[in-house]
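Letter by letter, the chains look like this.
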Amino acid sequence: MNARRTADRSGAPSTMGGQPTIDAEAFLARLYADPRALERFMGDAEREMNAAGLPEALRESFRCVDRAGLRLAARSATYKRERKHPQCGVERSKFRGLRIVLSRVVQWLRLGKRRQVHSR
Amino acid sequence: MNGRDRFGFGYRPELVAGILAHRDEIDLLEVIADDYFDADEDRLRSLELLQSHLPIVLHGVSLGLASVHAVDEHRLACMKRLVARLQPECWSEHLAFVRASGIEIGHLTAPPRTRDNIDGAVRNLRRACEVVGTMPVMENISTMLDPPGSEMSEAEWITRILEGAGCDLLLDLHNVYVNSINLGYDSFGFLEAIPLERVTIIHVAGGKLIEAPGGGVRVLDDHLHDVPDIVYELLTEVGRRTPKPIAVILERDGEYPPIDDLLEQLRRCRAALAAGRTRAMQFAGSR
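These lines cover the structure that appears in this document, whether it is placed above or below. (Residues numbered from 1 in each chain as written. Chains lettered and ligands numbered in written order. Predicted model: local features only at pLDDT ≥ 70, side-chain atom pairs only at ≥ 80, totals over all residues. Heavy atoms only, no water.)

A word on helix 5 (residues 154-165) of chain B
Residue and element names in this part refer to chain B.
Inference 1: Its twelve residues place the ends of helix 5 17 Å apart at the C-alpha level, agreeing with the 16 Å of an ideal helix rising 1.5 Å per residue.
Inference 2: Where helix 5 is concerned, the buried positions are Glu154, Ala155, Trp157, Ile158, Thr159, Ile161, Leu162 and Ala165.
Inference 3: Those residues of helix 5 that are buried are in contact with helix 4 (115-132), strand 7 (137-139), strand 8 (169-172), helix 6 (173-182) and helix 7 (187-193).
Inference 4: A positive phi of about 70° marks glycine 166, the residue just after helix 5. (Helix = DSSP H or I, 4+ residues; strand = E, 2+ residues; numbered from the N terminus. Expected span 1.5 Å × (residues − 1). Buried < 20%, exposed > 50% of the residue type's maximum accessible area, 1.4 Å probe, protein only. Contact = heavy atoms within 4.5 Å.)

Some details on the packing of helix 2 (residues 19-33) of chain A against helix 6 (residues 67-82) of chain A
All names here are of chain A.
Inference 1: Put simply, helix 2 and helix 6 touch, their axes get as near as 8 Å, and they point 65° apart. Between helix 2 and helix 6, the angle is such that the two are roughly perpendicular. Residues Leu28, Leu31, Tyr32 and Ala33 of helix 2 lie in contact with helix 6, whose contacting residues are Leu70, Ala73, Ala74, Ala77, Thr78 and Arg81.
Inference 2: Its residues assigned to classes, the contact of helix 2 with helix 6 comprises eight nonpolar, one polar and one charged. (Axes fitted to C-alpha atoms, helices over the stretch in contact; angles between N-to-C directions. Parallel < 35°, antiparallel > 145°, perpendicular 65-115°, else oblique. Nonpolar A, V, L, I, M, F, W, Y, C, P; charged D, E, K, R; others polar.)

Observations concerning the sheet that holds strand 8 of chain B
Residue and element names in this part refer to chain B.
Inference 1: With parallel pairing, eight strands are arranged side by side around a closed barrel as 1-2-3-4-7-8-9-12. Neighbour-to-neighbour, the strand axes of this sheet turn through a mean angle of 25°, independent of strand direction.
Inference 2: As paired elements, strand 4 (residues 91-94) and strand 7 share three bridges and run parallel to each other. Counted as the bridge partner of histidine 94 is glutamate 139 from strand 7.
Inference 3: Against the sheet, helix 3 (residues 73-86) contacts strand 3 (56-59) and strand 4, and its axis sits at roughly 180° relative to strand 3. (Pairing = 2+ DSSP bridges.)

Thoughts on the side chain of asparagine 140 of chain B
Residues and elements named next belong to chain B.
Inference 1: Residue placement: asparagine 140 occurs in the loop between strand 7 and helix 5.
Inference 2: Side-chain polar atoms of asparagine 140 contact the backbone nitrogen of aspartate 172, separated by 2.7 Å.
Inference 3: For asparagine 140, the residues in contact, after removing those within four places along its chain, are Leu95, Glu154, Ile158, Leu169, Leu170, Leu171, Asp172, Asn175 and Val176. (Polar contact = N/O pair within 3.5 Å; in protein donor to acceptor, adjacent residues only side chain to side chain.)

Topic: unusual backbone geometry
For residues besides glycine, phi is generally negative; the peptide bonds are generally trans as well.
All names here are of chain B.
Inference 1: Look at serine 101: it is not a glycine, yet its phi comes out positive at around 45°.
Inference 2: By secondary structure assignment, the location of serine 101 is in the loop between strand 5 (97-100) and strand 6 (103-109).
Inference 3: Owing to a relative accessible area of 26%, serine 101 belongs among the partly exposed residues under this scheme.
Inference 4: Positioned with a positive phi, histidine 223 is a non-glycine residue whose angle comes to about 60°.
Inference 5: Locating histidine 223 in the fold gives a position in the loop between strand 11 (217-220) and helix 8 (229-241).

A word on the packing of aromatic side chains
Inference 1: Applying the stated criterion to the full structure yields three aromatic pairs over all chains.
Inference 2: With a centroid separation of 4.9 Å and 85° between ring planes, the pair formed by phenylalanine 27 of chain A and phenylalanine 62 of chain A is classed as edge-to-face. Of this pair, phenylalanine 27 of chain A sits in helix 2 while phenylalanine 62 of chain A sits in helix 5 (residues 56-63), and the two are 35 residues apart along the sequence.
Inference 3: What makes phenylalanine 27 of chain A buried here is its relative accessible area of 3%.
Inference 4: Residue class for phenylalanine 62 of chain A comes out buried when judged on its relative accessible area of 1%.
Inference 5: Ring centres of tyrosine 185 of chain B and phenylalanine 190 of chain B lie 5.4 Å apart, and the angle between their planes is 10°; this geometry places the pair in the stacked category.
Inference 6: Judged by its relative accessible area of 25%, tyrosine 185 of chain B falls in the partly exposed class.
Inference 7: A relative accessible area of 5% means that phenylalanine 190 of chain B is categorised as buried.
Inference 8: Put simply, the rings of Phe27, Phe41 and Phe62 of chain A touch in pairs and so form one group of aromatic residues.
Inference 9: Lying across the ring of tyrosine 36 of chain B, arginine 43 of chain B places its NZ or CZ 4.5 Å from the centre. (Phe/Tyr/Trp six-rings, centres within 6.5 Å; stacked < 30°, edge-to-face > 60°. Lys NZ or Arg CZ within 6 Å of the ring centre and 35° of its normal.)

Let's talk about the nonpolar core
If you look at soluble globular proteins, the nonpolar side chains tend to sit buried side by side.
Inference 1: Counting 76 residues, the largest nonpolar core has Phe9, Leu171 and Ile202 of chain B as its most contacted members.
Inference 2: Sequence-distant contacts of phenylalanine 9 of chain B, defined by excluding residues within four places in its chain, comprise Ile19, Ile26, Leu28, Leu29, Glu30, Ile249, Leu250, Ile259, Leu262, Leu263 and Leu266 of chain B.
Inference 3: By size, the runner-up hydrophobic cluster in this structure holds 31 residues, among which are Ala29 and Ala74 of chain A together with Ile103 and Ile105 of chain B. (Core = buried A, V, L, I, M, F, W, Y, C linked by side-chain atoms within 4.5 Å.)

The values are spatial; any link to function lies outside them.
The structure is reproduced here in structure tokens:
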């Protein structure tokens, strides 16, 4: 699955939330975030809903979904992810330490080069 | 918020020279908070320098508060730190979900409009207020499709969340226009159905018409185009319907025109809102 997964804490369903809405949000999120899941849904909606274990109560609304709108919305979401929209700010922070170390190494190498030039 | 209408830009680093050169025409800036969640001291100081020239408000894009899923505590803590540091007039977020059951959408997405979702949103908003210290102003979002599983209209859903949590509305007028085309409703009728007395900030922006697979057109809220006429008309209507002071923010995320073009759009916003205010006064005077 292409969908990026967050830490458990951020994705944990609220214990008070109604299960159908939890399922609907999760299934919709999957269609937006995972292009392969979207294609499977477009090809055979019943099979994808079965695979996701979507409750029967929700299925009719997904059967009737505006497919053109869903495809455009998913495309827009993919575009935003690839553009590294500000939403990705926290994800970027995971690499912050690495970036700092790398930039210091580069600075140190440049400094060393300058010293070599001066000492000549 | 102050006691008069104000007008400003969504701050983007590409616009900084033009903004500083014309700060006499700009009342405030809206800064994307998430861009500074992992900012080092230098970047925070540069933001404070900007703040010394113009008031700022913070705008979050990743909390995903309109969800049955609990808000991400790490992101909330980041927002809290930034708000504590900059002490903006207010901060705002979106009536959207961006993740669910561990799946990261990476985009502001309209959730199924259910009673459970409203309960979740209200819970998340109260938690956000508890952590950050103030309630966010919440923005209506654009969508390409009516979320499956929805039990009510967008206007009713927005109203119930705002009333449940007791928060103000950041009314994005381009999103109203976009949804009126994409979902097929009347944008002026939408304004009648939401609590305009809760509007403290307005967003204006531009997008483009796109062809939908299988025919028909939709509007994409890409923030890459000039503000369309209909948005100014909606702004006038808001001015006519509510006397409350409002901060109007023009959003532009790329394909930047010369700053004079953006300033001209800001002037049109001033004129449009003022026209609505005038109409309201004339109507009151004629009674």
